[in-house]
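A look at the structure
Here are the chains, one letter per residue:
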4 protein chains.
Amino acid sequence: MRGIRAGVYGGSGYAGLDLVELLNRHPNVELAFATSNTYVGDAVPGSDLSFLSPGSVTLDDVDVIFLALPHKASAEVARQGVDAGVKVVDLSADLRLDTAESYEENYGIPHPHPELLPTPYGLPEINRANIIDQDLIATPGCYPTTTLLGLFPLLRCGGIHHDAPIIVDAKSGVTGAGRKPSLSTHFAEVYGNLLPYKTGRSHRHVGEMEQEALKVDREIGPIIFCPHLLPVDRGLMSSIYVTLDDSLSSGQAHDLFCEVYDNEALVDVLPPGEQASLKQAVKTNKCIISITPVLRQYLHVTSVTDNLRKGASSQAVQNMNLMFGIDETLGLI
Amino acid sequence: MRGIRAGVYGGSGYAGLDLVELLNRHPNVELAFATSNTYVGDAVPGSDLSFLSPGSVTLDDVDVIFLALPHKASAEVARQGVDAGVKVVDLSADLRLDTAESYEENYGIPHPHPELLPTPYGLPEINRANIIDQDLIATPGCYPTTTLLGLFPLLRCGGIHHDAPIIVDAKSGVTGAGRKPSLSTHFAEVYGNLLPYKTGRSHRHVGEMEQEALKVDREIGPIIFCPHLLPVDRGLMSSIYVTLDDSLSSGQAHDLFCEVYDNEALVDVLPPGEQASLKQAVKTNKCIISITPVLRQYLHVTSVTDNLRKGASSQAVQNMNLMFGIDETLGLI
Amino acid sequence: MRGIRAGVYGGSGYAGLDLVELLNRHPNVELAFATSNTYVGDAVPGSDLSFLSPGSVTLDDVDVIFLALPHKASAEVARQGVDAGVKVVDLSADLRLDTAESYEENYGIPHPHPELLPTPYGLPEINRANIIDQDLIATPGCYPTTTLLGLFPLLRCGGIHHDAPIIVDAKSGVTGAGRKPSLSTHFAEVYGNLLPYKTGRSHRHVGEMEQEALKVDREIGPIIFCPHLLPVDRGLMSSIYVTLDDSLSSGQAHDLFCEVYDNEALVDVLPPGEQASLKQAVKTNKCIISITPVLRQYLHVTSVTDNLRKGASSQAVQNMNLMFGIDETLGLI
Amino acid sequence: MRGIRAGVYGGSGYAGLDLVELLNRHPNVELAFATSNTYVGDAVPGSDLSFLSPGSVTLDDVDVIFLALPHKASAEVARQGVDAGVKVVDLSADLRLDTAESYEENYGIPHPHPELLPTPYGLPEINRANIIDQDLIATPGCYPTTTLLGLFPLLRCGGIHHDAPIIVDAKSGVTGAGRKPSLSTHFAEVYGNLLPYKTGRSHRHVGEMEQEALKVDREIGPIIFCPHLLPVDRGLMSSIYVTLDDSLSSGQAHDLFCEVYDNEALVDVLPPGEQASLKQAVKTNKCIISITPVLRQYLHVTSVTDNLRKGASSQAVQNMNLMFGIDETLGLI
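Residues numbered from 1 in each chain as written. Chains lettered and ligands numbered in written order. Predicted model: local features only at pLDDT ≥ 70, side-chain atom pairs only at ≥ 80, totals over all residues. Heavy atoms only, no water.

1. Structural notes on the environment of V64 of chain A
All names here are of chain A.
- Summarising the element assignment, V64 is placed in strand β3 (residues 64-67).
- Residue classification places V64 among the buried positions, given a relative accessible area of 0%.
- Between the alpha carbons of V64 and G81 there is a distance of 8.2 Å; along the sequence they are 17 residues apart.
- When sequence neighbours within four positions are dropped, the list of residues in contact with V64 reads I4, R5, A6, G7, V86, K87, V89, M320 and F324. (Helix = DSSP H or I, 4+ residues; strand = E, 2+ residues; numbered from the N terminus. Buried < 20%, exposed > 50% of the residue type's maximum accessible area, 1.4 Å probe, protein only. Contact = heavy atoms within 4.5 Å.)

2. Quick word on the pattern of salt bridges
- Evaluation of the coordinates by the stated rule reveals 84 salt bridges over all chains.
- In this structure, E264 of chain C and R128 of chain C form a salt bridge, with 2.7 Å as the shortest nitrogen-oxygen distance. Of this pair, E264 of chain C sits in the loop between α8 (253-261) and β10 (267-269) while R128 of chain C sits in the loop between α4 (124-127) and β5 (136-138), placing them 136 residues apart in sequence.
- For K171 of chain D, the salt bridge is made with D169 of chain D, and the minimal N-O distance between the two is 2.9 Å. When sorted by exposure, K171 of chain D lands in the same class as D169 of chain D, which is buried. (Salt bridge = Lys/Arg side-chain N within 4 Å of Asp/Glu carboxyl O.)

3. What about the sheet that holds strand β6 (residues 166-172) of chain A?
All names here are of chain A.
- Spatially, 7 strands are ordered β7-β8-β6-β9-β12-β11-β10 in an open sheet, and the strand pairing comes out mixed. Both edges of this open sheet fall to β7 (195-196) and β10 (267-269), since each of them pairs with a single strand only.
- Bridge count between strand β11 (residues 287-294) and strand β12 (residues 298-305): 8 bridges; the pairing is antiparallel. Looking at the pairing, V294 lines up with Y298 of β12.
- Helix-sheet contacts for helix α5 (residues 142-156) involve β6, β8 (223-229), β9 (236-243), β10, β11 and β12, and the interaxial angle to β9 is about 35 degrees. (Pairing = 2+ DSSP bridges. Axes fitted to C-alpha atoms, helices over the stretch in contact; angles between N-to-C directions.)

4. Comments concerning the packing of helix α5 (residues 142-157) of chain D against helix α8 (residues 253-261) of chain D
Residues and elements named next belong to chain D.
- Where α5 meets α8, the closest approach of the two axes is 10 Å, and the angle between their N-to-C directions is 105 degrees. As summarised for this structure, α5 and α8 are arranged roughly perpendicular, according to the angle between their axes. On α8, the residues touching L148, L149, G150, F152, P153, L154, R156 and C157 of α5 are L256, F257, V260 and Y261. (Parallel < 35°, antiparallel > 145°, perpendicular 65-115°, else oblique.)

5. Describing the interface of chain B and chain A
- Contacts between chain B and chain A engage 38 residues on the former and 38 residues on the latter.
- Around 3,000 Å² of area is buried between chain B and chain A when both sides are counted, 70% of it from carbon and sulfur atoms.
- Across the chain B-chain A interface, the total number found is 2 salt bridges.
- At the boundary of chain B and chain A, one finds 22 residue pairs in polar contact (both at pLDDT 80 or more).
- For the side of chain B that touches chain A, the elements supplying multiple residues, two or more each, are β6 (166-172), α6 (187-190), β7 (195-196), β8 (223-229), β9 (236-243), α9 (278-281), β11 (287-294) and β12 (298-305) of chain B.
- Ranked by residue count, the leading element in the side of chain B that touches chain A is β9 of chain B, at 4 residues.
- Within the side of chain B that touches chain A, the residues separate by chemical class into 20 nonpolar, 12 polar and 6 charged. (Buried area = accessible area lost by both parts, 1.4 Å probe. Polar contact = N/O pair within 3.5 Å; in protein donor to acceptor, adjacent residues only side chain to side chain. Nonpolar A, V, L, I, M, F, W, Y, C, P; charged D, E, K, R; others polar.)

6. A closer look at helix α7 (residues 205-216) of chain D
- Compared with an ideal rise of 1.5 Å per residue, which puts 12 residues at 16 Å, α7 of chain D spans 17 Å between its outermost C-alpha atoms and is within 8% of the ideal.
- Against the buried residues of α7 of chain D lie α3 (100-107), α5 and β8 (223-229) of chain D. (Expected span 1.5 Å × (residues − 1).)

7. Remarks on the sheet that holds strand β4 (residues 87-90) of chain B
All names here are of chain B.
- Read across the open sheet, the 5 strands follow the order β2-β1-β3-β4-β5; overall the sheet is parallel. Looking at the sheet topology across the chains shown, the edges are occupied by β2 (29-34) and β5 (136-138). Between one strand and the next, the sheet's axes are offset by a mean angle of 20 degrees, whatever the strand orientation.
- Looking at chain direction, β4 and β5 are connected through 3 bridges and run parallel. Residue pairing for β5: V88 is matched across the bridge by L136.
- Each of β1 (4-9), β3 (64-67), β4 and β5 is contacted by helix α2 (residues 73-84), which is oriented at about 175 degrees to β3, the strand it contacts most.

8. Topic: the relation of the copies chain B and chain A
- Taken as rigid bodies, chain B and chain A are interconverted by a rotation of 180 degrees and an axial shift of 0.0 Å, the fit giving an RMSD of 0.0 Å. Taken together, these values place the two copies in the relation of a two-fold axis. (Least-squares fit on C-alpha atoms with pLDDT ≥ 70 in both.)

9. Things to note about the confidence of the model for chain A
- In the predicted model, chain A carries a mean pLDDT of 97, and the fraction of residues at 70 or more is 99%.
- Predicted complex metrics record ipTM = 0.96 and pTM = 0.97. (pLDDT = per-residue confidence, 0-100.)

10. Describing unusual backbone geometry
- Of the consecutive residues L117 of chain B and P118 of chain B, the connecting peptide bond is found in the cis state with omega at -15 degrees.
- Structurally, the position occupied by P118 of chain B is in the loop between α3 (100-107) and α4 (124-127).
- Despite not being glycine, K72 of chain A has its phi angle at roughly 80 degrees, a positive value.
- With respect to the helices, strands and loops of the structure, K72 of chain A is situated in the loop between β3 and α2 (73-84).
- Even without glycine at this site, K283 of chain D takes up a positive phi of about 65 degrees.
- Assignment of secondary structure puts K283 of chain D in the loop between α9 (278-281) and β11 (287-294).
- Residue K283 of chain D is classed as partly exposed on the basis of its relative accessible area of 47%.

11. Looking at the domain arrangement of chain A
All names here are of chain A.
- Per the domain assignment, the segments of chain A are domain 1 (4-119) and domain 2 (143-307).
- The partner domain 2 presents 13 residues to the 14 residues of domain 1 that form the contact.
- Summed over both sides, the interface between domain 1 and domain 2 buries roughly 1,200 Å², with carbon and sulfur atoms accounting for 42% of that surface.
- A salt bridge links D18 to R234; its shortest N-O distance comes to 2.5 Å.
- Among the elements of the structure, α1 (14-24) and α3 (100-107) are those that each provide at least two residues to the side of domain 1 that touches domain 2.
- With 5 residues, α1 is the largest single contributor of residues to the side of domain 1 that touches domain 2.
- Of the residues contributing to the side of domain 1 that touches domain 2, the split by class is 6 nonpolar, 4 polar and 4 charged. (Domains from an automatic or database assignment.)

12. Structural notes on the packing of aromatic side chains
- Tallied over the full model, the rule gives 24 aromatic pairs over all chains.
- Geometrically, the ring pair formed by Y143 of chain B and F225 of chain B is edge-to-face, given 5.1 Å between the ring centres and 75 degrees between the ring planes. Highlighted residues: Y143 of chain B in helix α5 (residues 142-156) and F225 of chain B in strand β8, separated in sequence by 82 residues.
- Both rings, one in F187 of chain B and one in F187 of chain C, keep their centres 5.1 Å apart while their planes meet at 15 degrees; by these two values the pair is stacked. Within this pair, whereas F187 of chain B is found in helix α6, its partner F187 of chain C is found in helix α6 (residues 187-190), the two belonging to separate chains.
- Judged by relative accessible area, F187 of chain C falls into the buried class, the value being 0%.
- Among the aromatic side chains, those forming a connected cluster through ring pairs are F187 and Y191 of chain A, F187 and Y191 of chain B, F187 and Y191 of chain C together with F187 and Y191 of chain D.
- Note that K87 of chain A overlies the ring of F324 of chain A, its terminal NZ or CZ placed 5.4 Å from the centroid. (Phe/Tyr/Trp six-rings, centres within 6.5 Å; stacked < 30°, edge-to-face > 60°. Lys NZ or Arg CZ within 6 Å of the ring centre and 35° of its normal.)

Okay, structure coming up:
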């Protein structure tokens, strides 16, 4: 009954390890292989497998591959997967932007496989119809997922004032920076600290966020995005501050969010007065959202995920479920 | 030469303990007593004294008292100090608001000693002239200090757009919540978490911040203030997002901040491109500020202090220095 | 099929909350109620129930009750459970010591229900035969569980030198101190600290450890036990140092441990050269053990558990499984 | 009056940075240069200097150099310093062992400059007479310093049982592992963890500890040493368990420690019943010791330092003070 055979590229990074854990307990999936550059030969946690080098695996025997790889490296393997006729869930940034121009602008290099663009954007709560039964999906990053889910109901109803910026003050646990050692992730540097980085609009995910937000409301103002490195291992919070236009008052926003996410098993909207906190989302596959009306025309939305789950691995599994036409939440709740 | 004899009320709380430490190493101060309700008889760190109960001390032998007490309790002792003819540095919220009406509105109780209002607001970089040689000063709280220092140059030059809100996303270490045990400060609750609280405009310090900001620019929009509890012991960051009007472009802001704070020994403005981080301020007596221009008309200011120092105890000492007409930074750098 | 109806007393403490979580996902258990003194009316996480006051529940409709209560309070409810004919899994210290004398010596008060003593000690890997089908079990504390599992193979083979002490340097996360707020669990006190407490032989669990150890080898020397409070939320490590007698050399110990725990699903003995670390056990229901031979006659054993799981709640469920004659690991792996 | 001109090699590592901080506030020292391989050109904190490459400095203009360098690299520079006639305080392991044989045994490489051996061991409380006025001193590491200070009074009085091992269960903050990024110091790996490493007698500092301990009591048993990586940035605790012989009962030990350390400004012996905790030593230049008698013949000593201060940089300054014949605690209290 474990009908879907899955391979994971980049299985020893933090997102990859969470992905392996989720696939191991997915009732319909059998983990066929997991690759690693750094840990070849080490045991794949929770399985009888060992990490293989990416060059030593074949796609003959799998139905789907997950790419938890750095950008640039990922597109290449996506191409191979598509050519081999297996489904591909890409977790990198390579296929998230719709055009090669936009990619080059944000990542500073020509797109390695522009013929794969545009790839459907794998944020099911917003783009489900375009994910079902597809063969290639670009799973969004942790910041865009968390932020877009906090904005989507407002974007959809057109209630955001078009002349005001959207302020996103975001905070992420250190696993978001990857497993490769660096001074910026050294314990003694992070401990007791809080550090803004890539402020203004310089973070690469701003392009991805605006691309998707503008598809829903094409007239919103700019997103001012400031991520911070939090001294915790997991969890991501986007604190979103928007100005509403006359069509929506802040007091109506909570009902709006409840309505939009009413049937979403992986998004929880908290009751009025409660605040979403990091720990509510950590080690879950959910996005937790709280809403604070401020005066009549301002709204403060707190949107929280586990950056390695709904911000990466569990969303990838959610996409896989949709791509195979099975229950979207299988193995996730 | 240790001419100034000082008494500390509330010396066993976190701010009180830092205050005692600073006074012990101040070249002109001799610590005369420190009171505590909970730790009477315990040694006062760094001295030969023991904590006394507040009722057992007299003011006959001191020149100045510091009140690191809860609001409501503090005004009473301030009154006694004034009557006894000693200088009083109040660290509580009791004397920060200019009117009894405003106090009752924010704190829900009638002001205990309205005749003491208005008391000069003890934020030297903004209000120095009104602190020098005074006998009674209200030292501001950690959130207002950090936020107002991050806003002041913009307020003074009138460059903030009057139709836009001022967004302040703030994060504080746990000592800001006081030393009294509660579930919200229990290690296991805070560890690995990030928690917004008193969101919107419900935090009591919003009134204090707006009162002082409006004195500098009376037409600014509302301050939308959201504090978060950070899983660290010390440090406070105010992330401030403002919209500028036509009189100031974002690219001009850095020069403006440098000019305003050029002679301030306890405020550092970082070079363009650098970001203020929590650890830069922790265990120092400074406010560290970084500025990020975003497009032409938006500005992201990060202002950081140690909540127990420039946000409480060291600012109280700075005020004391001014009140006695001695070098403002004595014992602080 | 969820045939066993279970009630939890003290369900809002840290061990109680983990117990509720485990029972909610146990295939054969239905959670009937959870009590709390502090959180009556709040939702019981993961269920449709609300916390009830202990006085408002009846035992008519349950098959088993778990007592995650303070000592002294627990024996009273155990008595009621026994009288009502339901099975009782006590997680408190009330029923762990075999005699009322020993209880009074360690806890300083007369035993509330001496007629319940001795109660079978619920450490299945050591005492399984006496747990199966029983109606009342005393689940051991986190320190004794972790330490005894690290010692048991050595005790059973009689390889510990009788003239030398057994040194146990233990370290526990803060949840081990309970959820009730106190200065010693205040975030700002624990953060960045490591604190020995109840050193020597003054910790109450020493009596329990020695009682059970002496049942296996009656001639061992004293246990010198020093617990430390670790600045993490969960996890417990017992670092055990023993001197061996001539019957066992340090090089033989690893095989011994493997043999003893070969069929134990909830105890993992690591391969030679690997070290058990806290995170390997956290959020699992296992005890992880590593063994380091030192010279010929000394052994350093590191034994790690999640203090709220194998050190409390999951061991309680393991006991329940045995008491009902079902698969011991049901709901636990 | 800042008569002593000092150069620091390896000034950008964690110990080097603390050393720079201490030298900057030492009344008699002027910092002449600080070298770094990784951060050449960056500002040296608290000074007007920039980090220089080691090859670009000369010794013409300095009176003393501090070597906060890796072993092997350090001996080379020590040689140069000696040849240039400047005093040398080595913080590396290169000169701590008395013989080239011992060095090769512990470090696996031939000693780079055996002619410099034996170098006086720079633990002033034990070896002061051999440090005063010397030109070359080997400052001990953090584990030996903390452990030897916890053992010294017992060693000196010959009270440790010769047939029993000395158990040292040690715990160190992450700065002890150096600033160079690696997976083992990655925030996400360390956070929430506690990890034993180099267990048994495999840690390189065991040789150094035993060498010095045996100089005081040549018949003690082996030291069984197990270090652990603690999830904090700073601080080191050695938990020492010894068996006493008939000449000393555990109840006499406290007086013994007080007597031995009575005149030591940088060692504090806590009153009976109090326990040394990590935070008491962090950011101080002291070693804090507490003593727990266990039964008549066992003793549990907790010895705590800041691994970067008394375990490295402040001890180096203490040695420098002695080498120049000035007050040993100048700049340190």
